[in-house]
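# Observations on the three-dimensional arrangement
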Amino acid sequence: MIKRNLGQVARMCGGTLAHGERDSHIEIQGVTRDSRTAGAGELYVPLIGENFDGHEFAAETLVKGAAASLWEEGCPVPDELQEAPLVLVPDTLSALQRLASAYRDELGLRVIGITGSNGKTTTKDLTAAVLGTVFRVHKTEGNLNNHIGVPLTILQLDETVDTAVLEMGMSDFGEIELLTMIASPDAAIITNIGDAHMQQLGSRAGIAQAKLEIAAGLKESGALIFNGDEPLLRERLDSLELSEGAELIPFGSAPDCLWSAANVSVSFDSSTFDVVSPLLTADEAEVLRGVVLPVPGEHNVMNALAAIAVAYRFGVPAASIRDGLAKVVLTGMRIQPVNAFNGAKLLNDAYNANPTAVRAAVDLVEQLNGYRRKWVVLADMLELGEEEIEMHRSVGAYVTPKKADALLTWGPLAQYIAEGASGAFAADGRADDIRHFEQKEELAAWLREQLQPGDLVLVKGSRGMRMEQVVQALES
């Protein structure tokens, strides 16, 4: 975590000390925005939102042991804080971001920024695992991937860390550009372009434009590692203003991709593949043959290729790349293999959902063989904008009897998934294998009664639908 005196903090964030040199030598160890978890020696950052003002909790935080607080100019200082160590700033959020950027520059470490519609967290975990075989790595924890979370993650870095893997999320234009300018990545990854945040960005082309903002902060001679199978990215590469000496590194299945996979084999809890690249020596190619990834799905093999491309660029040996992938532990609810109460197999993919991600998960179900019955359980996909009903119908049409034996849905929008799938199932004489439920609990209870050993169940929905509760109901 950041360790600086208050005078240094003031200079780094563009603030002034409320009491001048008197407080300049106070030592700061860490930064917090949450008064409930404030620790001894931390710098408190009172953020202001639509329905809250963190300044109201500054006194409480200092009583708990915080060393000092930022304070937004123009906010009256209450009597109990008149003598408190405060750093006055024009805007506390901007000051937090400026402090993080300055700290990142002082550390001199390498930074990898990761964005994309799907697979950001998985790619972050894979990248951190592979780089961690050689370097001291810190990665984004939880959902700290926005305009507040990324600065806080940077400020968590220990001075002994030499590599940071930062996930960068967004919901509108300009947000990724802000994050990349704060983090100044040495390498940036774009996993893919999907359908998330259509409500704000309007189209997949708009999503591609927003994701490519990550290139704006690339350091000189940095690398943009991107999904080479996505035309919307390729179409915009020529218009990018890249830093001097920056390199474009495509991964995927297109002929000119520098990193590809061959002989892909997928099981319930793993994937196996050969890494193919013109950059590899013959010995390295041999080491990266038959790589085992403890994560199922061809889409996760693509995520692994992005991680491999980063690791190879930074000199991680082929054997270490292989070992890092084999030992990765993923953040939960991303195609997480789980055993049901009776031995049936569950794929918990309940963290989030959009049409592209759902199709990838359904493809995985189709690829997995040897099961008595394959169930696909889907809930609403949120934030899709004006075309949300048609997008749900389209996803439903993608779930055919060839891919799954039964489809269960829950949610006001998910009924259109069931509607979209009904034609293909009816034509196959299996209309009864589609069921829509008005209550999530009813769905879970009904499926628990039907489930048999040897069955496979995929559970997926947007975060707000909390579909992990279905998984929990089937676990025990």
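Whatever comes next refers back to the structure up there.
Residues numbered from 1 in each chain as written. Predicted model: local features only at pLDDT ≥ 70, side-chain atom pairs only at ≥ 80, totals over all residues. Heavy atoms only, no water.

The subject of this paragraph is the nonpolar core. Ranked by size, the top nonpolar core spans 56 residues in total, and within it Val31, Leu43, Leu99, Ile154 and Leu224 carry the most contacts. If you tally residues by element for this core, the top one is helix α3 (residues 92-107), at 7 residues. Setting aside chain neighbours within four positions, we find Leu99 in contact with Ile2, Val9, Met12, Cys13, Val31, Leu43 and Leu155. If you look at the next biggest cluster of nonpolar residues, it comprises 38 residues, including Ala223, Val295, Leu305 and Ala309. (Core = buried A, V, L, I, M, F, W, Y, C linked by side-chain atoms within 4.5 Å. Buried < 20%, exposed > 50% of the residue type's maximum accessible area, 1.4 Å probe, protein only. Helix = DSSP H or I, 4+ residues; strand = E, 2+ residues; numbered from the N terminus. Contact = heavy atoms within 4.5 Å.)

Attention now moves to the pattern of salt bridges. On inspection of all chains with the given rule, the structure shows 25 salt bridges. A salt bridge links Glu83 to Arg22, with the nearest nitrogen and oxygen atoms 3.0 Å apart. Separated by 61 residues along the polypeptide, Glu83 in the loop between β6 (68-72) and β7 (86-89) and Arg22 in the loop between β2 (16-17) and β3 (27-29) bring together distant segments of the chain. Overall, Glu83 belongs to the exposed group, its relative accessible area being 56%. Across the pair Lys124 and Asp125 runs a salt bridge whose closest N-O atoms are separated by 3.9 Å. Its relative accessible area of 1% is what places Lys124 among the buried residues. (Salt bridge = Lys/Arg side-chain N within 4 Å of Asp/Glu carboxyl O.)

Packing of helix α13 (residues 355-367) against helix α14 (residues 388-398) leaves a shortest axis separation of 10 Å and a crossing angle of 10°. Considering their axes alone, α13 and α14 lie roughly parallel with respect to each other. Contacts from Pro355, Val358, Arg359, Val362 and Asp363 in α13 reach Met391, Ser394, Val395 and Tyr398 in α14. A class-by-class count of the residues in the contact of α13 with α14 yields 6 nonpolar, 1 polar and 2 charged. (Axes fitted to C-alpha atoms, helices over the stretch in contact; angles between N-to-C directions. Parallel < 35°, antiparallel > 145°, perpendicular 65-115°, else oblique. Nonpolar A, V, L, I, M, F, W, Y, C, P; charged D, E, K, R; others polar.)

For the pair α3 and helix α6 (residues 175-183), the least separation of the axes is 8 Å and the interaxial angle reads 40°. One way to sum up the angle between α3 and α6 is to call them oblique. Two secondary-structure elements touch here, α3 through Gln97, Ala100, Ser101 and Arg104 and α6 through Leu178, Met181, Ile182 and Ala183. For the contact of α3 with α6, the class distribution of residues is 5 nonpolar, 2 polar and 1 charged.

So, on to the sheet that holds strand β9 (residues 137-139). Sheet architecture is open: 6 strands sit in the order β9-β10-β8-β11-β12-β13, paired in parallel fashion. Two strands bound the open sheet, and with one partner strand each, they are β9 and β13 (247-251). Between one strand axis and the next, the sheet turns by 15° as a mean value, whatever way the strands run. Where strand β8 (residues 110-115) and strand β10 (residues 163-167) come together, 5 bridges link them in parallel fashion. For Ile114, the partnering residue across the bridge sits in β10 and is Glu167. The strands that helix α4 (residues 120-131) touches are β8, β9, β10 and β11 (187-190); relative to β10, the one it contacts most, it runs at about 170°. Helix-sheet contacts for helix α11 (residues 298-313) involve β8, β11, β12 (223-227) and β13, and the interaxial angle to β13 is about 145°. (Pairing = 2+ DSSP bridges.)

All right, on to the side chain of Asp433 then. Looking at the element boundaries, Asp433 is found in the loop between α15 (415-427) and β21 (434-437). Within polar-contact distance, the side chain of Asp433 engages the side chain of Arg373 at 2.8 Å. Apart from residues lying up to four places away in sequence, Asp433 is in contact with Arg373, Asp405, Ala406, Leu407 and Phe425. (Polar contact = N/O pair within 3.5 Å; in protein donor to acceptor, adjacent residues only side chain to side chain.)

A word on the sheet that holds strand β15 (residues 271-276). The strand order across the open sheet built from 3 strands is β14-β15-β16, with neighbouring strands paired in antiparallel fashion. Since the sheet does not close on itself, it has two edges, and those belong to β14 (260-266) and β16 (291-293), each with one partner. This sheet shows a mean twist of 30° between the axes of neighbouring strands, independent of strand direction. In this sheet, β16 lies alongside β15 in antiparallel orientation, the contact comprising 3 bridges. For Ser271, the partnering residue across the bridge sits in β16 and is Leu293. Of the strands in this sheet, β14, β15 and β16 are in contact with α11, which crosses β14 at around 140°. Of the strands in this sheet, β15 and β16 touch helix α12 (residues 318-326), which is tilted by about 25° from β16.

Before going further, it helps to spend a moment on the side chain of Arg334. Relative to the elements of secondary structure, Arg334 occurs in the loop between α12 and β17 (336-339). One polar contact links Arg334 to Thr121, side chain to side chain, over a distance of 3.0 Å. Every residue in contact with Arg334, bar those within four places of it in the chain, is listed here: Thr121, Thr122, Asn348, Asp349 and Tyr351.

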